[in-house]
Amino acid sequence: MTRLAAAALLALVLSPATLAAADGQQAAILDAYAAKARAADPAFTGFSAARGEALFRREWNGGDPRTPACTSCHTANPKQPGRNAKTGRPIDPAAASASPERYADPGKVEKHFSRDCKSVLGRDCTAIERGDHITFMAGQ
Amino acid sequence: MTHRILWLLAILILAYPGIDARAGGKTLPPVADPLVANLCGECHMAFPPGFLPARSWTAIMATLDDHFGEDATLPGDQARAVEAYLTDHAGDAPGGGARREFMRWVAPGGVPRRITDNPAFLREHDFPERVWQRPEVVTRSNCPACHRRADRGLFDD
């Protein structure tokens, strides 16, 4: 019984349906940011992976000196695991292909943006920046 | 016969890490609450609450907006649950047992914030600077960089 339950659970975790669900939540998060972006700027036409990549690679030097850029923790290759530059804790890759669950929980996504943007950029990220970042990572 | 029993006892004491805690203070119960483990463990190892007195955890949880330079604010209900767990399992909480060991350095009424300020920690981690400079270490509070079973509360390696 327990073995069966464990197998079922494993199948559920790894199933295409679960991954598709994570995808669906990711799309919902992007939709919410798009609505905010349109409200802030009526000329907004959509998110851009290229802008997201520029955001990711730029040396901001705006917040904590230990995290001048996103790459300070996530490395230049988002498909690789990173390391928290403050605590040394290993970090799962930022790329959605490597960590499909990363962009599935809106509360968690918001928490990470509000914390990490302050630390790297020294300010909050806009809805456009948040959507651009996820769009970039969704293609990685 | 008596000899054999004594030997057996000695082996048991050496093999059982819980007993080691009472002798040398090398183990502490890890965080057992999944919410606390997840929320604290998102950015750093979820430190065993027995390393600090309850008033330290209260002070730390009251200043999460500047948590060692990081904004670690949590929603109110989560923050309350985490604080309750940390203070209930703090080094000076009732029934502390082995955890009392870590309270000896704390001045009466003192509110230490850093586990790494404990003189016992400093004594046991008196390494040359190049050890601290290893890329996987990053900071002195990164226990699991060297203590591979730190997540289970074992710091004897």
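Residues numbered from 1 in each chain as written. Chains lettered and ligands numbered in written order. Predicted model: local features only at pLDDT ≥ 70, side-chain atom pairs only at ≥ 80, totals over all residues.

1. Here we look at the overall build of chain B
Part 1 of the reasoning: Summing up its helical and strand segments, chain B has seven helices and zero strands in all.
Part 2 of the reasoning: The order of α-helices and β-strands along chain B, N terminus first, is α-α-α-α-α-α-α.
Part 3 of the reasoning: Relative to its full complement of 157 residues, chain B shows a buried share of 22%.
Part 4 of the reasoning: Long-range pairs, those at least 24 residues apart, make up 58% of the contacts in chain B with a sequence separation of at least 6. (Helix = DSSP H or I, 4+ residues; strand = E, 2+ residues; numbered from the N terminus. Buried ≥ 20, exposed ≤ 12 C-beta atoms within 10 Å, placed from the backbone. Contact = placed C-beta atoms within 7 Å.)

2. A word on the packing of helix H3 (residues 49-57) of chain A against helix H6 (residues 127-138) of chain A
Residues and elements named next belong to chain A.
Part 1 of the reasoning: Packing of H3 against H6 brings their axes to within 7 Å, and their N-to-C directions diverge by 100°. Judged on the interaxial angle alone, H6 and H3 are roughly perpendicular. In contact with Ala-49, Arg-51, Gly-52, Glu-53, Leu-55 and Phe-56 of H3, H6 contributes Glu-129, Asp-132, His-133, Thr-135 and Phe-136.
Part 2 of the reasoning: Considering only residue class, the contact of H3 with H6 consists of four nonpolar, three polar and four charged. (Axes fitted to C-alpha atoms, helices over the stretch in contact; angles between N-to-C directions. Parallel < 35°, antiparallel > 145°, perpendicular 65-115°, else oblique. Nonpolar A, V, L, I, M, F, W, Y, C, P; charged D, E, K, R; others polar.)

3. Describing the nonpolar core
Part 1 of the reasoning: Counting residues in each nonpolar core, the largest one holds 19 residues, and the members touching the most others are Ile-29, Tyr-103 and Met-137 of chain A.
Part 2 of the reasoning: At the level of secondary structure, the elements contributing two or more residues to this core comprise helix H2 (16-40), H3, helix H5 (106-120) and H6 of chain A.
Part 3 of the reasoning: Broken down by element, this core gets its largest block of residues, five residues, from H6 of chain A.
Part 4 of the reasoning: When near neighbours in sequence (up to four residues on either side) are disregarded, Met-137 of chain A contacts Pro-78, Ala-94, Ala-95, Ala-96 and Tyr-103 of chain A.
Part 5 of the reasoning: Counting 17 residues, the second-largest nonpolar core is a separate cluster that includes Cys-40, Leu-52, Ala-90 and Cys-143 of chain B. (Core = buried A, V, L, I, M, F, W, Y, C linked by C-beta atoms within 7 Å.)

4. Here we look at the confidence of the model for chain B
Caution is warranted with low-pLDDT regions, since their predicted coordinates should not be read in detail.
Residue and element names in this part refer to chain B.
Part 1 of the reasoning: With 83% of its residues at a pLDDT of 70 or more, chain B has an overall mean of 86.
Part 2 of the reasoning: For the stretch residues 11-24, pLDDT sits under 50, and the model shows 13 contacts to residues farther than four places along the chain or on other chains.
Part 3 of the reasoning: With pTM at 0.82, the complex prediction returns an ipTM value of 0.79. (pLDDT = per-residue confidence, 0-100.)

5. Things to note about the packing of helix H4 (residues 54-62) of chain B against helix H5 (residues 76-88) of chain B
Residues and elements named next belong to chain B.
Part 1 of the reasoning: At a closest axis distance of 9 Å, the pairing of H4 and H5 adopts a crossing angle of 165°. With respect to H5, the axis of H4 lies roughly antiparallel. Here H4 runs over H5; the crossing is right-handed. The segment H4 lies against H5, with Ala-54, Trp-57, Thr-58 and Met-61 engaging Ala-79, Val-82, Glu-83, Leu-86 and Thr-87.
Part 2 of the reasoning: Residues that form the contact of H4 with H5 fall into these classes: six nonpolar, two polar and one charged. (Left-handed = near helix turned anticlockwise from the far one by under 90°.)

6. Notes on the environment of Pro-65 of chain A
Part 1 of the reasoning: Along the polypeptide, Pro-65 of chain A turns up in the loop between H3 and helix H4 (71-74).
Part 2 of the reasoning: You can call Pro-65 of chain A exposed: it has 9 C-beta atoms within 10 Å.

7. What about the environment of Cys-73 of chain A?
Residue and element names in this part refer to chain A.
Part 1 of the reasoning: The topology assignment puts Cys-73 in helix H4.
Part 2 of the reasoning: By the C-beta count within 10 Å, which is 20 here, Cys-73 ends up buried.
Part 3 of the reasoning: In sequence terms Cys-73 and Pro-90 are 17 residues apart; their C-alpha atoms lie 9.0 Å from each other.
Part 4 of the reasoning: In contact with Cys-73, other than residues within four places in its own chain, are Thr-67, Gly-82, Arg-83, Asn-84, Ala-85 and Ile-91.

8. Overview of unusual backbone geometry
All names here are of chain A.
Part 1 of the reasoning: Phi at Asn-61 takes a positive value of approximately 50°, unusual for a residue other than glycine.
Part 2 of the reasoning: Mapped onto the secondary structure, Asn-61 falls in the loop between H3 and H4.
Part 3 of the reasoning: Residues other than glycine seldom take positive phi values, yet Thr-75 does so here, at roughly 65°.

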